[in-house]
Structure formats: C-alpha cells, structure tokens
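# Per-entry structural report
This is what each chain is made of:
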Amino acid sequence: MTRINPSVTGAASPFIRKLEAFNALSDEDRQMLARISAEPEAVAPHTDLACEGERPRGVYLIMEGMACRHKRLHDGARQIMAYLLPGDLCDLDVALLTRMDHNITTLSACKVVRLPPETVTDVLERHPAVARGLRMSTLVDEATLREWLLNIGRRTPVQRLSHLFCELFERLTVVACVDQEGFALPLTHAELADTTGLSSVHVTRSLQELRQRGLIDLTDGALRILDAERLRTLAGFDVNYLHLGASAAA
Amino acid sequence: MNLRLDPIQVATGCEDQEGRLVYKDGLLAAVLVCLSDLHGTDAGKWHLEAMFEPIRSASAPIFADLDEAQTWIADQLPGLS
C-alpha cells in the first residue's frame, strides 16, 4: 500500500526508531539491533504467532503490519487487548512463563522476527541503553493497557474509536508509518468492535458520525485524520501515557 | 412464545430508526432496530439495541429477521425457553 512507509527499507528500522524515541542509542547498539532484526519472516493475516496455553517460543518483533493480543470466551466472543505495530516487541520476559495466557495473532500481512530467549538475554546484558528502551517499552505497554481499560469502561462509542485513532497516529508516527495521506488501518468493523468492546453495528454508526463531523476519512483501509485537534478533544486524548521522548514527532 | 412486539421509531443518531419494543408478559424486555443501508450487506437485518433482563450472552448476533430475533431473545429469557 502506498500510504504506508515500511521503514525497514529506510535509514532505520521501526524497532530502532521506537527505541530511540525513549533514549539515545550508540552506533554499536543500532548495528546490533539491525543485525538481530535483519531477516524478518513474512506472515499471512490472521495467523497465530502464540496461542493461549502453549509454551512461549520466543519474543516476537513486529517489523511490518499489525498484530494483536486477544482472548476468547467459550462462545467465541473475542476481546482484543493490544495492537502490536511495527517496532513493537511482544513480551520481553515471556521466557519466564511456562504457558501463554493469551493469544498473539496477525491482523494484516506482517513481517515478523522471532528472537530466541538467549538473544534477548544477551541484548539486555550487553547493551544497557537498549535494555533501558525495552524496559520503557514494557512500561508503555502497561500504561497503554490501562488507557484501553479506561477507554472501554468509561468512554462513549465515538470517543473510544477517536481515542484509538489518536493513539495509532502517535505510535505509527514514531516508526515513520504515517504520511500526509494518513496511515494503513487494515481492520474490519468486527475487529474494531472486538477492540473497543462495541458491536460492529455501533462501530459502523460511530465511524459514520466521525466522518459526518469532518474528523476522519477512512477509505480502502487507510485512515486520514482531518482535524486532529478536534478529534483529540472529543476523545479526551492525552499523549502522556505513551511516554514519547524528544525524538517523537510532535 | 410469550413475546409481543410493538413498532417504534428509535433515535439511534443515524438512519437506523425503525424499531420494535419487545414485551414479555407486558414488561419491556428488549429493543430491536432494523439496520439501514448504512450497514451494507446487513441492511434489513435486526440488531438487539438493548435488553433489560439478565442475559446469558454479552454479545448478540445480527438477526436475519424478527422471527430469528424473537427465538434468540426467548432463549435468553428465563421461563421462555
């Protein structure tokens, strides 16, 4: 898709861009990160990377595309608890667990690196600036989960979607996946519903309201925010929970 | 099936206005709304807009017609299934 800039082909991979949003890295750090993420594997949409109940097979690093964490009820109803975007590492210390307590599944076509636990251990021990960035990233994952709980527990349907779009804009900007045309949003209404605790009917109505208010354009899987200030105000969006450093785009 | 349906117009904030109040034993039990063209291939189907008794499932499907909706609602309500 022309609207997304897959930064793996650019000067820095999304993994490096994301960590540099938290703190400065040395050339040696960058070279090491580039080396361990050099050969991502193409993964089809809707592929399980990790399944609840199974032994973790390593730490997944998303280089392109979008994946999610989710859990299901026995009747099939699903709640998506997190989006994993380019540059996101899934569960730094997952090797400490004997069994996964949730699923990680691709939403779109992805490029993914699976880091063996020993590689993660080596990075944490020998590259303190990278280790700091990864720990910051884990804290931000937890802060984001708290924000999502607030979102589905206390915001209206239109506010929930608005907040999600504001967050995606900020996170994708850090990893250079946003341009003047917006960003790729390869999600169905059902997936947005599973994310925001709504029915797909309410998602359809809410998206129409956001369009009619002139706040967004969502066409062919690409989202363009037309009035960021009003969308943030509507959502009650405060970017602080993402803890972005000085290198994050304003 | 001891359900009664009354036509109603519902203020959903969009074109989905045609609705039914669903009564069980004279008490309002649920509100159904017919989906408009806004919903593409689901237009003409029925959405459970609200339900007022404790139900067994937190997520209701979209119903092809009112008979299917009543069957689902009856299955959820104690004493009707």
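The structure under discussion appears in the preceding block.
The text that follows walks through the structure, step by step, so that each part is easy to find. Note that this is a predicted model, so its numbers are computed, not measured. (Residues numbered from 1 in each chain as written. Chains lettered and ligands numbered in written order. Predicted model: local features only at pLDDT ≥ 70, side-chain atom pairs only at ≥ 80, totals over all residues. Heavy atoms only, no water.)

Here we take up the overall build of chain B. Secondary structure summary: chain B contains one helix and four strands in total. For chain B, the N- to C-terminal ordering of α and β elements is β-β-β-β-α. Relative to a compact globule of 81 residues, whose C-alpha radius of gyration would be 12 Å, chain B shows 12 Å and is just as compact. Dimensions along the principal axes, computed over C-alpha positions, put chain B at roughly 35 × 20 × 20 Å. Taken across its 81 residues, chain B has 42% of its residues classed as buried. For chain B, the proportion of contacts with a sequence separation of at least 24, taken over those separated by at least 6, is 25%. (Helix = DSSP H or I, 4+ residues; strand = E, 2+ residues; numbered from the N terminus. Rg over C-alpha atoms; globule rule 2.2 N^0.38 Å. Buried < 20%, exposed > 50% of the residue type's maximum accessible area, 1.4 Å probe, protein only. Contact = heavy atoms within 4.5 Å.)

Moving on to the overall build of chain A. Secondary structure summary: chain A contains eight helices and eleven strands in total. Against the globule reference of 18 Å for 250 residues, chain A gives a C-alpha radius of gyration of 18 Å, in line with a compact fold. For chain A, buried positions account for 49% of its 250 residues. In the structure as shown, chain A presents an accessible area of about 11,800 Å², 51% of it carried by carbon and sulfur atoms. Counting 28 positive and 33 negative side-chain charges, chain A places the centres of these two groups 4 Å from one another. (Areas by Shrake-Rupley, 256 points an atom, 1.4 Å probe, with all protein chains shown as cover. Lys, Arg positive; Asp, Glu negative; His and termini not counted. Charge placed at Lys NZ, Arg CZ, Asp CG, Glu CD.)

The partner chain B presents 13 residues to the nine residues of chain A that form the contact. The junction of chain A with chain B conceals about 800 Å² of combined surface from both sides, 53% of it contributed by carbon and sulfur atoms. Across the chain A-chain B interface, the total number found is two salt bridges. For B:Asp16, the salt bridge is made with A:Arg205, and the minimal N-O distance between the two is 2.8 Å. Counting across the chain A and chain B interface gives four residue pairs in polar contact (both at pLDDT 80 or more). Taken together, the residues of the side of chain A that touches chain B sort by class into two nonpolar, five polar and two charged. (Buried area = accessible area lost by both parts, 1.4 Å probe. Salt bridge = Lys/Arg side-chain N within 4 Å of Asp/Glu carboxyl O. Polar contact = N/O pair within 3.5 Å; in protein donor to acceptor, adjacent residues only side chain to side chain. Nonpolar A, V, L, I, M, F, W, Y, C, P; charged D, E, K, R; others polar.)

Picture the strands of a sheet paired through backbone hydrogen bonds; they go either parallel or antiparallel. Residue and element names in this part refer to chain A. The sheet built from three strands is open, its strands ordered E9-E11-E10 with antiparallel pairing. Single-partner strands in this sheet number two, and they are strand E9 (183-184) and strand E10 (216-219). Relative to strand E11 (residues 222-225), E10 runs antiparallel, the two sharing four bridges. Paired with Asp-217 across the two strands is Arg-224, which belongs to E11. (Pairing = 2+ DSSP bridges.)

Once that is clear, we can look at helix H1 (residues 66-76) of chain B. All names here are of chain B. Those residues of H1 not exposed but buried are Leu-66, Ala-69, Gln-70, Trp-72, Ile-73, Ala-74 and Gln-76. Next to the buried residues of H1 lie strand E1 (3-9), strand E2 (18-24), strand E3 (27-34) and strand E4 (46-51). Between the side-chain oxygen of the N-cap and the backbone nitrogen of Asp-67 there are 3.2 Å, and the N-cap of H1 in question is Asp-65.

Turning our eyes to something else, we now look at the sheet that holds strand E7 (residues 103-106) of chain A. All names here are of chain A. Taken in spatial order, the four strands make up an open sheet running E2-E7-E4-E5, and their pairing is antiparallel. This sheet does not close on itself; its edge strands, each paired only once, are strand E2 (48-50) and strand E5 (78-84). The sheet shows a mean angle of 35° between the axes of neighbouring strands, direction not considered. Two elements, strand E4 (residues 67-72) and E5, share six bridges in a ladder whose sense is antiparallel. Paired with Arg-69 across the bridge in E5 is Ala-82. Lying over the sheet, helix H4 (residues 128-154) contacts E4 and E5, oriented at roughly 140° with respect to E5. (Axes fitted to C-alpha atoms, helices over the stretch in contact; angles between N-to-C directions.)

Quick look at the environment of A:Arg171 now. All names here are of chain A. Here Arg-171 shows up in helix H5 (residues 157-174). For Arg-171, the contacting residues outside a window of four places in its chain are Tyr-83, Leu-84, Leu-85, Asp-88, Thr-144 and Leu-242. Engagement of the side chain of Arg-171 in a polar contact is seen with the side chain of Glu-167, the distance being 2.8 Å.

Coordinates in, geometry out; function isn't part of it.
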